[in-house]
Number of protein chains: 2
Amino acid sequence: MKAWVPITSGLLAGFLAATISFGNFSSRTENKTVSGSTKSDAEKVYVPFGKQDEYYLFASGGHSGQMFIYGVPSMRHIRTVPVFSPDSATGYGFDEHSKKMMGDYTWGDLHHPAFSETNGDYDGKYMFATDVGNSRAAVMDLKTFTVKDIINVPNTSGPHCAAFVTENTEYLFLPTRFSVPLGSKYEPLDDYSKKYRGVMSAVTFDEKNTKLNIEYQVALPPWSYDLSDAGKKVSADWAVMTTYNTEEATTNLEINASQADRDYIVLFNWKELAKMVKDGQYEEIDGQKMIFPEKHKGGIYLVPVAKSPHGVDVTPDGKYFIASGKLAPALTVFSFEKAFKAIEHKEFAGDRNGIPILKYESVMEREVNPENALGPLHTQFDDQGMAYTTMFISSEVVKWDPKTGKTLDRVPVQYSPGHSVSAEGDTVSPDGKWLVALNKIAKDSYLSVGPSHPESMQLIDISGKMKVIQSVPVNPEPHYAQMIKADKIKTIEVYEKDEKNQNAIYKQEQAKIVRNGNKVDVYGIAMRSKFIFDVKSKRPDVIEVNEGDEVTIHLTNIDFDEDITHGFAINSYNLNIEVQPGQTNTVKFKADKAGTFPIYCTNFCSALHQEMTGYFLVKPKQ
Amino acid sequence: MKAWVPITSGLLAGFLAATISFGNFSSRTENKTVSGSTKSDAEKVYVPFGKQDEYYLFASGGHSGQMFIYGVPSMRHIRTVPVFSPDSATGYGFDEHSKKMMGDYTWGDLHHPAFSETNGDYDGKYMFATDVGNSRAAVMDLKTFTVKDIINVPNTSGPHCAAFVTENTEYLFLPTRFSVPLGSKYEPLDDYSKKYRGVMSAVTFDEKNTKLNIEYQVALPPWSYDLSDAGKKVSADWAVMTTYNTEEATTNLEINASQADRDYIVLFNWKELAKMVKDGQYEEIDGQKMIFPEKHKGGIYLVPVAKSPHGVDVTPDGKYFIASGKLAPALTVFSFEKAFKAIEHKEFAGDRNGIPILKYESVMEREVNPENALGPLHTQFDDQGMAYTTMFISSEVVKWDPKTGKTLDRVPVQYSPGHSVSAEGDTVSPDGKWLVALNKIAKDSYLSVGPSHPESMQLIDISGKMKVIQSVPVNPEPHYAQMIKADKIKTIEVYEKDEKNQNAIYKQEQAKIVRNGNKVDVYGIAMRSKFIFDVKSKRPDVIEVNEGDEVTIHLTNIDFDEDITHGFAINSYNLNIEVQPGQTNTVKFKADKAGTFPIYCTNFCSALHQEMTGYFLVKPKQ
């Protein structure tokens, strides 16, 4: 373990300061004259009108709570899709369906996105993501790019170490970054080691009903769980995750969680865990089936790793997993095969909290130490099985061969890359071609927008010698991203008629306002370029209610045409929803302000969009 | 007036359908080999790392309630700045300052942005915008790109026809799109013509205190006011705005507001109106000084215009204003000089609601009728005084000479442009070079993100023959934009120490937790890479309170370094704020959930960002 040269906090601060102060422009991209098939960088990233991008990039939006969709190679921002925080534009968090999904939360911290997989390849059907801020998980349907389900994950706090899915989307695992007492109960920090736990949730996805479900949880030791990856092929039944603060420090983690020379990779066999649950090897905690490794033995092992690791990544062939202490210069390639053998032969070096520890030497395949590279964080792969590791402190991406450990290439990025993502990089068959570095510090890369800087994404052409060919600013804050071939995603353009939906009406003559006591239900239509709420009224686009009424408006867009979205807002009533072509949406509210309030279509829909208005009249209480 | 060929609604629908179904790809941009100084389109828009964009584009974010900042010519999205809706990422709407500004609203519909001006040129100091959804106005400080003030505008509903500022930012005028009874009281629609009004507000900006203030309002007739422009040079004391629904229809405006052959431009002299207010020519309504034109005579005139106009734009020399009925193929150039003469000689053709009507013939300079161009909406200008008009229905931009009416050039855009914006296009000295078309329909221009499509912005090189050289998707929904030379904006990178701010502390040893009864005030510090809330505690990064306590956290970022932002979130407590370098921010909440909740930094700040955590412990009630 000599290759581990731990960097002290002070030294690290020095490196950081250097990186930040002397960030260099040496990788400045210059255009070259076009000759033959050699395109300039400008032309490589240029996607003219009439052509489309080759890949979708789904970037986590971090504390925006949203998902950012980009096109590659143009690196154009196509759309922000709301997931864990409300969205004024689309009415997400305002209509009944999304309001219910969001619960009491208006903020989220979306971390690591993960596509659904079939046979270890992205299948383009669903996207999963977790909320570190309020401990939730969500699934987005890629037919519509809308969120279908959000679940709260009890007993846990901050599922940062997620979501990574297994080869056939059997599970997404959500281990948490923070340890808390089970049930998030109040317990003094003096009892941290005894009472706090880092809980991993095994979540299944019911595709038919598009519902997420927690199958079981595991009460791991009170450490921080940072990142994870599912096994592939030979390691398909296994998954790995990194830990830090195995010191179990309860304050000033900057110093206190960096004391020990090593932390651990948790290696677990999810088929074995599922079997244990089936066999009743768990306790019921807060309605969850909880495995306590100190009582329910088997399926989970610890592998020592250089201290404070960040990412752990499984090679496309499923044979190895690669991890690195972010405070050490070296990376370690571990062998699944060696780990399986060590487990078989019970070659353990003691245990922590009842979990057997494998010996570093019995699992380690090779240590890799690119010269002067500092702060290795995450590793991605190309179509040749080559590895690309981001170096946070030395601000670069290093390409190296997992089979030899040899450094093959390196390129500076600006500045301080966290994750990177290669084309289909998490699958059994990465595409190569492109790598995007997700940089944490932009400095003066872009026009200044004040003290709050954008983050920065840089597109690297990895088809030959690595070269940064495009730099784009991005809203805070992508933590990880996944890149999928464009033709894998099959969206719908128009919602089909749903004759079973009792809130939907598709004919103007069905538009009506129904009153029951102080409950008013409106069955309305949006179409170019008018609203019809009550076809029998002399003013069909007017809704009149009494102060205090409970109003429910069901609105159907009967323009079954691509890209004809209507909005519905009531002035000063703080509400806006959208109805996509063919869609029915519902908004509910109390008419608590008497007066006269215009209704209008908020999404430009035709030359007469401005005329698509009405009035909401609220008769005052006598 | 023969040039007005009104299009019926049915005919229009036909045109629209044609546009949407057969949108052509004929303007497809192809790269050309670089030779000499001739750059390919790809190279014209490419801004390599190490260089920066030439212009900022500030695009209204429409019903997102936000402002989108882009760079030109790269058309890269640099930042989304929250204005009228909360922002999960930056904690806008969560911290005390912004929460107070937002009031009860969590949704907004940001329409027309306007830079502050000095001598008719953008001065790069402030940006103004209005909220059509909830009738507000806001000012953003361009030193920090943050909103400093938001006001509610009473007596009005939907200040769509705004904000356009006068030559030296004396006023921004906010006429409203919807007419409502004064005070938004309940009044039956049968009394529309008698009881409803379209109110214009004259707002001043107090730069010293960065506060907006309504100086007076004008109770205009019950019409819709769509867009406006301030005069320049010879017309500096004047402003113009378009009206529609002068039919005073109260339902089905698609048909009923398109009956009369003409609507009006409202022409007013704001110096005269200010004098009237000074002379007591107003009534006090809901705390506002309200001018009623039928009683308080002078300063306001009507000019007939082709029906249902959208934009009205003043030429850079201030001599003319250009308007067009969106249902007519022709544009009209009106002369301010002619209008002034007609007013001087009282050449009126009657009045509407006490406002004198000028004769079309006495104010019209020329009618302009580009062949087969349909749906003229808005006009921008270049450095030669040439006009560029967006044609919504024929999906193109037409360049023409206001002095001759001659069509000079035209280019198809994809599809259905609303506004367009040229470089410094609203000033007395536009730059030419670039024009961006803000298109309402993207169709299949970009990778599909489901039924909800992005909008589309297209960059047109107008230095020679017009050519679309870049197309970029954009979140819904830019209505208008302004483009300013990059070097005009002078941002700060770090907040200066504010020793007068009693909530700020700049030294670790000052960090403290102060309890008064059930009120807990935390004076904390955020720094790479830890929180310090109570320097005397054995766990300085822990806050412990009792269930039900009112907690106020003041947090100062003492990293006075560019781009070192810290976030502050408490898990499951639905709150996140940011502190920029040197900034102090405050968040207040009730500790209404007992238990153990991790605190963490949400904005990646260093290699040890993951360790920048603490705990919020809430002791349960006995």
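What you see is a predicted model, and the numbers here were worked out from it, not measured in a lab. (Residues numbered from 1 in each chain as written. Chains lettered and ligands numbered in written order. Predicted model: local features only at pLDDT ≥ 70, side-chain atom pairs only at ≥ 80, totals over all residues. Heavy atoms only, no water.)

(A) Looking closely at the overall build of chain A. Summing up its helical and strand segments, chain A has eight helices and 43 strands in all. Structurally, chain A occupies a C-alpha span of about 85 × 70 × 45 Å along its principal axes. Here chain A holds 622 residues, and the buried ones make up 70% of them. Restricting the contact set of chain A to residue pairs at least 6 apart, pairs at least 24 apart contribute 60%. About 19,800 Å² of surface is accessible on chain A, with carbon and sulfur atoms providing 47% of the total. Across chain A, the centroid of the 67 positively charged side chains sits 1 Å from that of the 80 negatively charged ones. (Helix = DSSP H or I, 4+ residues; strand = E, 2+ residues; numbered from the N terminus. Buried < 20%, exposed > 50% of the residue type's maximum accessible area, 1.4 Å probe, protein only. Contact = heavy atoms within 4.5 Å. Areas by Shrake-Rupley, 256 points an atom, 1.4 Å probe, with all protein chains shown as cover. Lys, Arg positive; Asp, Glu negative; His and termini not counted. Charge placed at Lys NZ, Arg CZ, Asp CG, Glu CD.)

(B) Structural view of the environment of B:Gly183. All names here are of chain B. Along the chain, the position of glycine 183 falls in the loop between β10 (180-181) and α4 (192-195). Look at glycine 183 and you get partly exposed, because its relative accessible area is 29%. Residues glycine 183 and glutamate 117, 66 residues apart in the sequence, show an inter-C-alpha distance of 32 Å. Among all residues touching glycine 183, those that are not within four sequence positions of it are Asn155 and Asp286.

(C) Structural detail: helix α6 (residues 270-278) of chain A. All names here are of chain A. Of all the positions in α6, only Trp270, Leu273, Ala274, Met276 and Val277 are classed as buried. All buried residues of α6 project into a common sector of 155° when viewed along the axis, lining one side. Facing away from the buried side of α6, by more than 90 degrees, are the exposed residues Lys275 and Lys278. One side-chain oxygen at the N-terminal end of α6 lies 3.0 Å from the backbone nitrogen of lysine 271; it belongs to asparagine 269. Following α6 by one or two positions, glycine 280 has its phi on the positive side, about 80°. (Arc of directions from axis to C-beta. Polar contact = N/O pair within 3.5 Å; in protein donor to acceptor, adjacent residues only side chain to side chain.)

(D) Inspection of the pattern of salt bridges at higher detail. Under the criterion given, the structure shown has 56 salt bridges over all chains. Among the ionic pairs, B:Arg528 bridges to B:Asp561, the shortest N-O distance being 2.5 Å. With B:Arg528 in the loop between β35 (519-527) and β36 (530-532) and B:Asp561 in the loop between β38 (550-557) and β39 (566-570), this pair connects stretches of sequence that are 33 residues apart. Given a relative accessible area of 34%, B:Asp561 falls into the partly exposed group. A cluster of three or more residues bridged by salt bridges with shared partners is formed by A:Asp190, B:Lys538 and B:Arg539. (Salt bridge = Lys/Arg side-chain N within 4 Å of Asp/Glu carboxyl O.)

(E) Here's a closer look at the packing of aromatic side chains. Under the defined criterion, the tally for this structure stands at 68 aromatic pairs over all chains. Measuring from ring centre to ring centre gives 5.6 Å for A:Phe589 and A:Phe616, while their planes differ by 65°; the resulting arrangement is edge-to-face. Of the two residues, A:Phe589 sits in strand β41 (residues 584-590) while A:Phe616 sits in strand β43 (residues 613-619), which places them 27 residues apart along the sequence. As far as the burial class goes, A:Phe589 and A:Phe616 line up, both buried. Where B:Tyr56 meets B:Phe145, the ring centres are 5.9 Å apart and the plane angle is 35°; that geometry is what we call tilted. (Phe/Tyr/Trp six-rings, centres within 6.5 Å; stacked < 30°, edge-to-face > 60°.)

(F) Just the domain arrangement of chain A, in detail. Residues and elements named next belong to chain A. One can read the domain layout of chain A as domain 1 (9-29 + 37-488) and domain 2 (508-619). Placing the centre of domain 1 and that of domain 2 at their C-alpha centroids yields a distance of 43 Å. Taken together, the eight residues of domain 1 in the interface contact nine residues of domain 2. Of the roughly 650 Å² buried between domain 1 and domain 2 on both sides combined, carbon and sulfur atoms contribute 45%. Together, Phe94, Asp95 and Glu96 form the three largest contributors to the area buried by domain 1 at its contact with domain 2, with a combined 61%. Where domain 1 packs against domain 2, one counts zero salt bridges. At the boundary of domain 1 and domain 2, one finds three residue pairs in polar contact (both at pLDDT 80 or more). (Domains from an automatic or database assignment. Buried area = accessible area lost by both parts, 1.4 Å probe.)

(G) Up close: the state of the cysteines. The final tally for this structure, using the stated rule, is zero disulfides over all chains. There is no disulfide at A:Cys161, and the cysteine sulfur nearest it, in B:Cys601, is 19 Å away. You can see A:Cys601 has no disulfide; the closest cysteine sulfur is in A:Cys605, sitting 3.9 Å from it. In this structure A:Cys601 comes out as buried when scored by relative accessible area, which is 0%. (Disulfide = S-S within 2.5 Å.)

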